Structures are given as C-alpha cells and as structure tokens.
Amino acid sequence: MKRETIINWVLGLGLLAFPFAALYLDEPFYVTLATRVAILALAGVGLNIALGLGGMVSFGHAAFFGIGGYVAGILSQHAFNDEPLFTWPLLISGTSDMPVIWLVAIVICALVAVFIGLITLRTSGVYFIMITLAFAQMIYYFAISWPSYGGEDGLSIYVRNGFPGLNTLDPLQFFLICCAALMVCLLLSARLRDSRFGAALQVARQNDVRLAATGIAPLNIRLVAFIISAAMTGLAGALFADLNRFVSPSMLSWQVSGEIMIFVILGGVGRLFGPLAGAALFIVLEFYLGGVTEHWQFFLGLILLGVVLFVRGGLLGVLAGRRDHG
C-alpha cells in the first residue's frame, strides 16, 4: 500500500474519531470545529477537481459556495414562514429537508457553472482567473442589493434543517452528516481521477492540442469538470449555512475563494485528501494562533509562501513524498 494511501486513511479516520474523543473529554466545542473542517474540506475537494485535475485556477468558487448557502437559507425561511417561493406558473414551496435543499443547491450551482464556464473556459491563465473573480463579485453585489433576503445583513436560519431519521440539532449527528458528504465526494473525486474522463482532463491541462487531435473537445471536458466542481462546492455552502444557521454575502466574497484555494495548496494540489489536510491545518492555525494574536494570517501567509516556494506537493507531499500519489 502506498504511503499516501495510508496517510489518507489516517486523515479520514482521524477526522471521524476526533469528535468522539472531544465528547469523551467533555469538550463539545471541538465537535463544531471538526464539522467546520469537514465542510471546508468538501469545498476544497470541489475546487481540487477544477484546479488539481484540470489546471483551472478559479478565483470565483465563492460564488458557488455562497449560492449553496443562500439556497439553504431561502428555502428554510420560506418553510419556516409557510410562504411559497413562487405561485406562478407553478406553486413552489420552501423546505427544511436537507436532501431536497442539497439537490436544489447542486442543480442551481451546476446551471450557473454552465453559464460561467461557457464564457470563462474560452480563456486561460490570468484572464480565466480574473473573469471567474468578476462573476463571483457580480453575484456578491447582487446578494448585497437583495433586500428581500437580508441584503448586506444576511439571512438567519432559525431552525437547522432536518435530515430523515436524524436529529441535526445534535452536533455529533450533524457532524456525521457532513463527514459522510465529504467522504462520498472524495470517493467520487477518486473515481473521476482514475477514469478515462480524468485522464482526458489531465491531458487537457497539459496539452489541449494533443487531446483535440484524439477527437475529444478540451472545452467539453473542462466544462464538465467545472460543473462537477461547482456542484460540490455548492453542497459545502449549503452545509456551512446550516452549521452557522446564517448566510450572508460574505460567503460570496473573494476572500472565501482565496481561503478555499489555500486549503488545496496547503494540503497539496491534485492530492485526493489534500483539501482535508489543508482545511484542518487552516482551522488549527485560525483557532490557536487566532487566540494569541489577531494578526494570525501573517503566519499563515509565511507557511503558504514556504509551501509554494519549497514544497510543491503541500502537506501531503511532505508526509508521503512528492512522487507518491495515493
């Protein structure tokens, strides 16, 4: 078994065991911290498909993260107030069922990704980065100017949305839901990477002319990867809104796009469990250094600079070796 595969198992089992250890030590706050790691890692897994496999440096994934959050907030608000979303041409009501909310968030994020992708994927390099950022900022300012759903003040979720057969108000059960969503998306990411689609996507990243010569359109391959990436990030946004029971335009900000990219870079771009390792390291630094100084991002910046300059494989590259991809 490859060393990175062993490390992946350790990371996955460690995340799963951490909340149980926290409850045993009578530290329930750490359950919420682990839940946050799982959700942010899920957002990173989504970006890693576009960035790690497809080489698409998207600086606008906060758009999908925020859209997922707003879907959860808007549907739950209408369910709480017993008000329909639309009355024409169809009567559409709100809902507080997580599976339905996830499905709606995934579909809407996928549709938005089709529109954004068809425009941005015709460019490359810094142009692609700036156009994805521009789209995210457009959606951000739209949310600020949307008074029906809180505008700049955001939108509260008064009661956490439910999951059939589980009590989502119990922090441990909600963590298990988030952890299960993360593991399913990691499994999907692994299957994509090892499939013929994944091979074509990686060829498109390296030499799209060579891929086109085989009869496969690079734009189509990249667009599908971009859509899957957006859908996963939107699912993470819906879970994040439920965790905080609040959604605001800050979820759509460019800083969030930067943070999601940091998770991927810290853990290792293209590494399957890299986003989990990066999100865990980010949360640890935020929690412990943030308690010491309000300028903790300075130290995060130094670590990130060191990773970019000297450790291209990220944290998993250090632990498993640069050539070992599990």
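Parameters at a glance
Residues numbered from 1 in each chain as written. Predicted model: local features only at pLDDT ≥ 70, side-chain atom pairs only at ≥ 80, totals over all residues. Heavy atoms only, no water. Phe/Tyr/Trp six-rings, centres within 6.5 Å; stacked < 30°, edge-to-face > 60°. Helix = DSSP H or I, 4+ residues; strand = E, 2+ residues; numbered from the N terminus. Buried < 20%, exposed > 50% of the residue type's maximum accessible area, 1.4 Å probe, protein only. Lys NZ or Arg CZ within 6 Å of the ring centre and 35° of its normal.

A. Seen up close, the packing of aromatic side chains. Under the counting rule described, the total for this entry stands at 17 aromatic pairs. Note on Phe 64 and Phe 226: the rings are 5.8 Å apart at their centroids and 80° apart in plane angle, and the pair reads as edge-to-face. One end of the pair, Phe 64, is in helix 3 (residues 62-81); the other, Phe 226, is in helix 9 (residues 218-244), and 162 residues separate them in sequence. On the basis of relative accessibility, which here comes to 1%, the residue Phe 64 falls in the buried class. Judged by centre distance (5.9 Å) and plane angle (85°), the ring pair of Phe 115 and Phe 135 falls under edge-to-face. Here Phe 115, found in helix 4 (residues 98-120), pairs with Phe 135, found in helix 5 (residues 125-144); they are 20 residues apart in sequence, far enough to count as distant. Using a relative accessible area of 51% as the deciding quantity, one classes Phe 115 as exposed. A relative accessible area of 12% means that Phe 135 is categorised as buried. Three or more aromatic residues joined by ring pairs make a cluster, and in this case those are Phe 18, Phe 29, Tyr 30, Phe 287 and Tyr 288. The residue whose ring lies beneath Arg 160 is Phe 174, and the NZ or CZ to ring-centre distance is 4.3 Å.

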